[in-house]
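Listed below, chain by chain, are the residues.
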Amino acid sequence: MPGNPDEGEERIALLLDYENLAIGAREGLGVSPFDLTPVADALAVRGRVVARRAYADWSSFDDDRRLLARAQVELIDIPQRLGGSRKNAADIKMAVDAVEIAYERSWVTTFAIGTGDSDFTPLVHKLRELDKRVIGIGVASSTSRLLPPACDEFLYYDRLLDAAAPPAEPAPATQPEPASGAGGAEGAWGADEPADDEAVGRLVTRTLSGLARRGDGPVLASRLKRAVLRQDPTFDEAEIGFRGFGELLRHLQDQRIVELAAGSASGDPEVSFPENEPAEDDAFRLLAQVVGEESRSGNGVPLSGLKDRVRKRRSDFSEKTYGFASFLSFAKAARARGVVRMAWDESAGDWRLASPDLSGRR
């Protein structure tokens, strides 16, 4: 496919054992209906998803069916049959389709198999035997131990939820009347600009973080732009006042959000996160301050709910601004720097954080 900018990137077929995922997310994580967005975002940084199919008896998943249709997923209906096993029918259909795609569509390089069922382990072995890369996707509590080691990469849905971007805040139903005079006009325009700036900065850093974690070479601006578009096909830097993606990246560099270096081709710089970023140090200090105040009793503070407490101090806080996929990753980075201590609380099923000077009191 000469001239195709995605030629060197993975082309992914996404196949979902939907009943396994939906029930696992509902019972293990309390998530219902199943949200495909974290999966789509994770795959977007890995390549183009050229096929999306989900297998289930859709009469049991009305709400999910509408959400998946909006996500451009082809719904393969496996009705429950008297005297037969619906589950086996769905599994067999999914396995047959996977092998058919592997043989008939040579351009598909990667299969993303969404299930936690060990019955799919032979399928994974066969796809890898056919020189296809396999990414598994499953809920931790409902994933067989046999499945992840069989895959080239396995994504736990639990972690993808942690790394997912927070939903956009809804616009107010009624807009206040702008104040009269030049000062009022400037205030109205100025209120909109930071929101656009912040949103695009988070989109770029979230995408860059995903690409950087793959560790398959430097991230060029052209590759970053393609990955951003796979996550949000409506993205257009011109809509926020930039003449090109390079100009947007230079703007983010001026804000010390990203760092640019000369790439292999003129006009296509390497993009990375700044080293020893002062703003990142400020974020760690903010976390340490909140943890120190909340853990004065010596018992530490649970990780769940801690991000909300940090945001009460700094409303624009987001760990993704600093290149971390989730707040847990940010907290672990703070532990690695000696800013806080972390210990797993088995009885609560959660991490507890404390200041380093409280270590002797635990």
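Everything discussed here concerns the structure shown above.
For every chain, the first residue of the written sequence is number 1, and numbering continues from 1 along that sequence. Given that the model is predicted, a residue must reach a pLDDT of at least 70 before its local features are reported, and side-chain atom pairs must reach 80 or more before they are shown or counted; all residues, however, enter totals for whole chains, interfaces and linings. Processing note: side-chain calculations cover all non-hydrogen atoms of the structure and skip hydrogens and water entirely.

Peer 1: Teacher, can you tell me more about unusual backbone geometry here?
Peer 2: For the bond from S32 to P33, the omega torsion is 0 degrees, close enough to zero to count as cis. Only DSSP runs of H or I with at least four residues qualify as helices, and only runs of E with at least two residues qualify as strands; both kinds are numbered from the N terminus onward. Considering the arrangement of structural elements, one finds P33 in the loop between α1 (18-29) and α2 (37-44). A positive phi angle is found at Q72, which is not glycine, with a value near 65 degrees. Turning to its location among the elements, Q72 is positioned in the loop between α3 (62-70) and β3 (74-77).

Peer 1: Can you walk me through the pairing of strand β2 (residues 47-56) in this structure?
Peer 2: Consecutive residues of a regular strand have side chains that alternate between opposite faces of the sheet. Strands were regarded as paired on the criterion that DSSP finds at least two bridges between them. Sheet analysis places strand β1 (residues 10-17) next to β2, joined by 8 bridges and oriented parallel. Pairing of E10 across the sheet is with G47, part of β2. Here 4 bridges tie β2 to β3, and the two strands are oriented parallel to one another. Within β3, the residue paired with A56 across the bridge is D77.

Peer 1: Hey, could you run me through the sheet that holds β3 in this one?
Peer 2: Whether parallel or antiparallel, the strands of a sheet pair through hydrogen bonds between backbone atoms. Taken in spatial order, the 6 strands line up as β3-β2-β1-β4-β5-β6 in an open sheet, and their pairing is parallel. On the outer flanks of this sheet lie β3 and β6 (153-156), each paired with one strand and no other. Averaged over all adjacent pairs, the angle separating strand axes in this sheet is 20 degrees, with direction ignored. One ladder, built from 5 bridges, connects β1 with strand β4 (residues 110-114); its direction is parallel. Paired with L16 across the bridge in β4 is G114. The sheet contacts of α1 involve β1, β2, β4 and β5 (133-138), and relative to β1 the element is tilted by about 70 degrees. The axes are straight lines fitted to the C-alpha atoms, using for helices just the contacting stretch, and the angles between their N-to-C directions are given from 0 to 180°. Any pair of residues with heavy atoms lying within 4.5 Å of one another is described as a contacting pair.

Function-wise, these values are silent; they only describe arrangement.
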